[in-house]
Amino acid sequence: MNSNAGRFEEKIALITGGSSGIGLATARLFHQGGARVLITGRDASRLAAAAEAIGPGTRTLVADMARVEDVQRIFDQVADGFGHLDILMANAGTSHTPALDDVDEAAFDAMSDLNFKGVFFTMVHAIPVLARGASVIITGSAAADMGRLADPLYAATKAAVRSLARTFAAHEAFAGRAIRVNVLSPGPVRTPLTEEAWKDPAVDEYVRNAVPLGRWAEPEEVARAAAFLASSDSSYMTGSVLAVDGGLAQV
Ligand SMILES: NC(=O)c1ccc[n+]([C@@H]2O[C@H](COP(=O)([O-])OP(=O)(O)OC[C@H]3O[C@@H](n4cnc5c(N)ncnc54)[C@H](OP(=O)(O)O)[C@@H]3O)[C@@H](O)[C@H]2O)c1
């Protein structure tokens, strides 16, 4: 039996970066719960395959979330096609940073444009379409709470969006309409983004040693926490961080 059945009946959910990994697993769970699901990504064929995997009625929107004009356009499309959103997951992001010596201005901008600027404008342009009582989830990272010698830039972008959640949670445009804003903070998750790492025995061993639970998460484990934040089960949570990191950043 599907214990998720009916949980998101009549809800409209938009997940940015919903064609892979954490976003895709979350989209499937929302769909199973009865939501109408919209996903974004840059690659139309990847989006089409994801929509097929998520289920009937899934809508796809091609957009580069690092480009403000694309972000504005998708919320215009949402307004025209659906009228409102009950759930927004600002999830599109990357962790691919060059080694510190190779971080030039272009690499810096590419990372911050997607992970920080993209999330900022996603939230700002979503305001007109978010329904009263909506839930906004930002995909952060355990890296935001740790010193990260390997990727300081990535960690800083995730700390930045954690800060956005604190402010937006209290902002009139959100709190004034009972819209909750929370951060979902995964540790290492086995997705296409991290495939090179979890397939590398040395990195895999490093991760297993660093994480108290001694393993990587599966995307579905993160998706279940996203479903909690999206649903009324978390009705008194806003401005919070929900860590799903096997204890990595907690001990
Ligand atoms: N995996 C982990 O260990 C981990 C840990 C902590 C936090 N996170 C965070 O979780 C989120 C999802 O990561 P994931 O591991 O699920 O990654 P993933 O499997 O690579 O999925 C990323 C998704 O974002 C989309 N995307 C990438 N760049 C985009 C852009 N410029 N505009 C629009 N969409 C874009 C991708 O589609 P296209 O490439 O087709 O655009 C894809 O749908 C990210 O914010 C990541 O930082 C991941």
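No experiment lies behind these values; they were computed from the predicted model shown.

So, how was this worked out
Residues numbered from 1 in each chain as written. Predicted model: local features only at pLDDT ≥ 70, side-chain atom pairs only at ≥ 80, totals over all residues. Heavy atoms only, no water. Near = heavy atom within 4 Å. Polar contact = N/O pair within 3.5 Å; in protein donor to acceptor, adjacent residues only side chain to side chain. Areas by Shrake-Rupley, 256 points an atom, 1.4 Å probe, with all protein chains shown as cover. Helix = DSSP H or I, 4+ residues; strand = E, 2+ residues; numbered from the N terminus. Nonpolar A, V, L, I, M, F, W, Y, C, P; charged D, E, K, R; others polar. Buried < 20%, exposed > 50% of the residue type's maximum accessible area, 1.4 Å probe, protein only. Pairing = 2+ DSSP bridges. Right-handed = clockwise from strand over helix to strand, strands pointing away.

Draft legend 1. Seen up close, the site of the ligand. Residues in close proximity to the ligand total 30 residues, the closest being Ser19, Ser20, Arg42, Val189 and Thr191. Contact between the ligand and Asn91: an oxygen atom at 2.8 Å from a main-chain N or O atom of the residue. A distance of 2.9 Å separates an oxygen atom of the ligand from a polar side-chain atom of Lys158. When the ligand sits alone it has 890 Å² of accessible area, and the protein chains cover 93% of it. Elements that contribute at least two residues to the shell around the ligand include exactly helix H1 (21-32) and helix H5 (152-170). Its residues assigned to classes, the shell around the ligand comprises 11 nonpolar, 14 polar and five charged.

Draft legend 2. Seen up close, the pairing of strand E2 (residues 36-41). Buried residues dominate E2, accounting for five of its six residues. Relative to E2, strand E1 (residues 12-15) is paired through four bridges, and the arrangement is parallel. Across the sheet, the residue bridging to Ile12 is Arg36, located in E2. Crossover handedness for the path E1 to H1 to E2: right-handed. Pairing of E2 with strand E3 (residues 59-62) involves four bridges; the strand directions are parallel. Each bridged residue has a counterpart across the sheet, and for Gly41 the counterpart in E3 is Val62. Crossover connection from E2 via helix H2 (residues 44-54) to parallel E3: handedness right-handed.

Draft legend 3. Representation of unusual backbone geometry within the structure. Of note in this structure, Glu10 is not a glycine but carries a positive phi near 70°. Secondary-structure assignment places Glu10 in the segment before E1. Its identity is not glycine, yet Ala178 carries a phi of approximately 60°, on the positive side. Residue position: Ala178 is located in the loop between helix H6 (172-175) and strand E6 (180-186).

What is shown is where atoms sit, not what they do.
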